[in-house]
Amino acid sequence: MSRRTTVGVSALAAVVLTLTACGGPSNNNGNSGLKGADNAIGQADINPQDASKVKDGGEFRWPVDQLPDNWNYNQLDGTNADGRRMIDTMMPNLWKQKADATFEINKDYLEDAKLASSEPQVLEFKLNPKAKWSDGTALSWQDFEAMWKSLSGADKAFEVAGTTGYEDIEKVEKGATDQEVKVTFKKKFAEYKGMFSPLYPKSMSSVAEEFNKGWADAPKVTAGPFKVGTIDRTAKLVTVVQDPAWWGEKPKLEKITFRQVDRPALADALANGQIDFFDIGSSVDNFTRAKSMQGVTIRQAITPDYSHITFNGADSSILKDPKLRVALMKGIDTKVISKALLGQMLKGDAQVTGNHFFLLGSAGYKDNSAVAAFDKEVAKKQLDELGWKLEGETRKKDGKELLVRYVIPTPNPISDQIAKLTQSQLKEIGAKVEIQAVPSTDFFKQYVNVGNFDMTGFRWLASATPVSDSKGIYYLDPASTNQNYGRIGSEEVNKLLEQAVGELDDTKRLEIANEADKKIWELGHQLPLYQLPGAVAVKSNVANFGAVAYANRPYDYIHMGFTE
């Protein structure tokens, strides 16, 4: 399960940010373990094959945690990574994010895209004249205009997941033709290559009711190599099939079936031929099972995927005091958790992360976590100073017990393990943790999205635009939750985030983001745990797919397929 900000982070319910080569070394069944923090930067591991060696046709069976709550990815309930994977098979992405976190123009949708001016910042797009929506309408500048207006934050009737980038646009205009688009910014926005993707038709973006609810059950208009075949919520599956109206290179696969599979059942499902791959995540059991499977290869690449604990700072939560949140963070040993979850899988050390924007191996990474670093004795002292005095096994203040409600999805063995380790560690400093396991299908919509927790855990999936991706997570907007589910922030962090996303100089942008990161740590916003190894168990005859690194916006749905 997964989530993200408007420009591009996704969140994945925890089972558990740069990478050009399209092929890399496989970790096959003979290897004893995965690479940890010593893993090489710059490679994907996907069994790259020329199109002539990939057979035409076939069905690829893709496991997911849940079906989309909304097929509008920009609506508050739509920000689910599994949903994004389905949406990307049938909706336009203007850019292709490559394995090394760089971008290239997606020629299926754009003939050209350029930064025409920096003062003011002006983007110019020239759409592929062949590109048409499934209702026969050509993609046009009006789709861009409607999408900007819906996501700008100006009209509060639109329930948006975030406004990052779009709120900085002054106007969207028609160029020489309807297929030429001119976007003028009132404030500079650096990571613009994450915008307008997936692109939605103006018929959806123009009216708030349609934006919020019109696509809840199914996408109404598409424009991709695939189209919807079946959406069966009873059987918990979605199929997409080749769209004969597609103007680009024909996909190798005839059909992709996305089927909801509980995480404990993934290994059996792969062994029984019900699915063709699964993300190993941080499951030692699934790693061990995959190693012994005939016809299955374990592929690995550094991935922008990390597990964390989110804290709730809303007035309704016992954790509304930032000093209390930081004290609890000091009572959580992320190294112990990382070793417990990943230690049996890795040859090297687990990748404990100390930054909210940048992951290990990326250009901007700095460990800014000192303020919340594990120190059990300091944690106890800080709790004492805050008035939370130990009475028996649990601390109390003004007669109120330090009881923290930790919400997790179920069935999810890794979330369960992380929660129990956290519960055990916080007990040692006098904090009582009550674990509330809720159905996976309700986890985001009824708990995370609406702040119905004190602590919770899932995975953040980032992209090649890490600063703008994360703005909606850490920016505190009184008018909108965005993805700041714990409602934690400050005016200082807001200002730094605004500066960072508007800084066109790459080096300066990273420096400002790291300043913001230090302040985020001081607020006790969320606690990053570990960076996932990025391992995927996939059938050995699957080509052009596996551990894709950053090349997941979109996945290469055109060339993936089977060699036999």
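One can find the structure itself at the top, above this paragraph.
Structure report, in brief. Bear in mind that the values here come from a model prediction, so they are computed numbers and not experimental data.

**Describing the overall build of the protein chain**
In step 1: When helices and strands are counted, the protein chain shows 14 helices and 26 strands.
In step 2: Here the C-alpha atoms of the protein chain give a radius of gyration of 23 Å, agreeing with the 24 Å that 2.2 N^0.38 yields for 564 residues.
In step 3: Here the C-alpha coordinates of the protein chain stretch approximately 70 × 55 × 45 Å along the principal axes.
In step 4: When each of the 564 residues of the protein chain is scored for burial, the buried share is 59%.
In step 5: Accessible surface computed for the protein chain: about 20,600 Å², of which carbon and sulfur atoms make up 46%.
In step 6: Of the charged side chains in the protein chain, 69 are positive and 74 negative, and the gap between their average positions amounts to 1 Å.

**Regarding the packing of helix 13 (residues 491–501) against helix 14 (residues 506–523)**
In step 1: Running from N to C, helix 13 and helix 14 cross one another at 160°; their axes reach a closest spacing of 9 Å. When the axis of helix 13 is compared with that of helix 14, the two are roughly antiparallel. As helix 13 runs across helix 14, the sense of the crossing is left-handed. Residues E492, V493, L496, L497, Q499 and A500 of helix 13 pack against R509, I512, A513, E515, A516, K519, I520 and L523 of helix 14.
In step 2: For the contact of helix 13 with helix 14, the residue count by class is nine nonpolar, one polar and four charged.

**Comments concerning the packing of helix 7 (residues 322–330) against helix 14**
In step 1: Their axes nearest at 7 Å, the elements helix 7 and helix 14 cross at an angle of 90°. On the basis of their axis angle, the class for helix 7 and helix 14 is roughly perpendicular. Mapping the contact onto sequence places P322, R325 and V326 in helix 7 and W521, E522 and L523 in helix 14.
In step 2: Its residues assigned to classes, the contact of helix 7 with helix 14 comprises four nonpolar, no polar and two charged.

**A closer look at the packing of aromatic side chains**
In step 1: Tallying each qualifying case throughout the model produces 31 aromatic pairs.
In step 2: Seen from their ring centres, Y109 and W247 are 5.8 Å apart, and the 85° between their planes marks the pair as edge-to-face. Within this pair, whereas Y109 is found in the loop between strand 5 (103–105) and strand 6 (110–118), its partner W247 is found in the loop between strand 11 (237–242) and strand 12 (255–260), the two being separated by 138 residues in sequence. With respect to burial, Y109 and W247 carry one shared label: buried.
In step 3: Members of the aromatic cluster, joined through ring pairs, are F60, W62, F258, F277, F545, Y555, Y557 and F562.

**Some remarks on the pattern of salt bridges**
In step 1: What the rule picks out here adds up to 27 salt bridges.
In step 2: Measuring nitrogen to oxygen at the nearest pair gives 2.7 Å for the salt bridge that ties R395 to D384. In this pair, R395 sits in strand 18 (residues 394–397) while D384 sits in helix 9 (residues 376–385), placing the two residues 11 residues apart along the sequence.
In step 3: We classify D384 as partly exposed; its relative accessible area is 31%.
In step 4: Among the salt bridges present, the one from K519 reaches E492, with a minimum N-O distance of 3.6 Å. Here K519, found in helix 14, pairs with E492, found in helix 13; they are 27 residues apart in sequence, far enough to count as distant.
In step 5: Residue class for K519 comes out partly exposed when judged on its relative accessible area of 22%.
In step 6: With a relative accessible area of 44%, E492 lands in the partly exposed category.
In step 7: Counted as one network, the salt bridges with shared partners bring together R61, D276 and K539.

**Regarding the side chain of D82**
In step 1: Mapped onto the elements of the fold, D82 is located in helix 1 (residues 81–87).
In step 2: Given the relative accessible area of 2%, D82 is considered buried.
In step 3: There is a polar contact of 3.0 Å between the side chain of D82 and the side chain of R85.

**Details of helix 8 (residues 334–342)**
In step 1: For helix 8, every residue scored as buried is listed here: T334, I337, S338, L341 and L342. Within helix 8, the buried residues cover an arc of 100° as seen down the axis, which keeps them to one side. Every exposed residue of helix 8 that faces more than 90 degrees away from the buried side is listed here: K335 and K339.
In step 2: Among the residues of helix 8, the N-terminal cap falls to D333, whose side-chain oxygen and the backbone nitrogen of K335 are separated by 3.1 Å.

**Focus on the sheet that holds strand 6**
In step 1: Pairing in this open sheet of four strands is antiparallel, and the strands run 6-7-9-8 from one edge to the other. Strands with a single pairing partner mark the edges of an open sheet, and in this sheet they are strand 6 and strand 8 (169–174). Each adjacent strand pair in this sheet contributes to an overall mean axis angle of 15°, direction not counted.
In step 2: Contacting strand 7 (121–127), strand 8 and strand 9 (180–185), helix 2 (residues 141–151) runs over the sheet at an angle of about 160° to strand 8.

**What about the sheet that holds strand 19 (residues 400–401)?**
In step 1: The three strands lie next to each other as 17-18-19, forming an open sheet whose pairing is antiparallel. Only two strands of the sheet have a single neighbouring strand rather than two, namely strand 17 (389–391) and strand 19.
In step 2: Relative to strand 19, strand 18 runs antiparallel, the two sharing two bridges. By the bridge assignment for strand 19, K397 is matched with K400.

**Some remarks on the environment of L127**
In step 1: One can find L127 in strand 7.
In step 2: By relative accessible area, which is 1% here, L127 ends up buried.
In step 3: In the structure, L127 is positioned 17 residues away from L110 in sequence and 4.4 Å away in space, judged by C-alpha atoms.
In step 4: Among all residues touching L127, those that are not within four sequence positions of it are Y109, L110, E111, L139, S140, W141, F144, Q179 and V181.

**Points about the nonpolar core**
One broad trend across soluble globular proteins is that nonpolar side chains are buried collectively.
In step 1: Counting 153 residues, the largest nonpolar core has F60, W62, F125, F196 and F311 as its most contacted members.
In step 2: Among the elements that take part in this core, helix 14 stands out by supplying six residues, more than any other.
In step 3: Aside from chain neighbours lying at most four places away, what touches F125 is L94, W95, L110, D112, A113, F144, Q179, E180, V181 and V183.

How each quantity is defined
- Residues numbered from 1 in each chain as written.
- Predicted model: local features only at pLDDT ≥ 70, side-chain atom pairs only at ≥ 80, totals over all residues.
- Heavy atoms only, no water.
- Helix = DSSP H or I, 4+ residues; strand = E, 2+ residues; numbered from the N terminus.
- Rg over C-alpha atoms; globule rule 2.2 N^0.38 Å.
- Buried < 20%, exposed > 50% of the residue type's maximum accessible area, 1.4 Å probe, protein only.
- Areas by Shrake-Rupley, 256 points an atom, 1.4 Å probe, with all protein chains shown as cover.
- Lys, Arg positive; Asp, Glu negative; His and termini not counted.
- Charge placed at Lys NZ, Arg CZ, Asp CG, Glu CD.
- Axes fitted to C-alpha atoms, helices over the stretch in contact; angles between N-to-C directions.
- Parallel < 35°, antiparallel > 145°, perpendicular 65-115°, else oblique.
- Left-handed = near helix turned anticlockwise from the far one by under 90°.
- Contact = heavy atoms within 4.5 Å.
- Nonpolar A, V, L, I, M, F, W, Y, C, P; charged D, E, K, R; others polar.
- Phe/Tyr/Trp six-rings, centres within 6.5 Å; stacked < 30°, edge-to-face > 60°.
- Salt bridge = Lys/Arg side-chain N within 4 Å of Asp/Glu carboxyl O.
- Polar contact = N/O pair within 3.5 Å; in protein donor to acceptor, adjacent residues only side chain to side chain.
- Arc of directions from axis to C-beta.
- Pairing = 2+ DSSP bridges.
- Core = buried A, V, L, I, M, F, W, Y, C linked by side-chain atoms within 4.5 Å.

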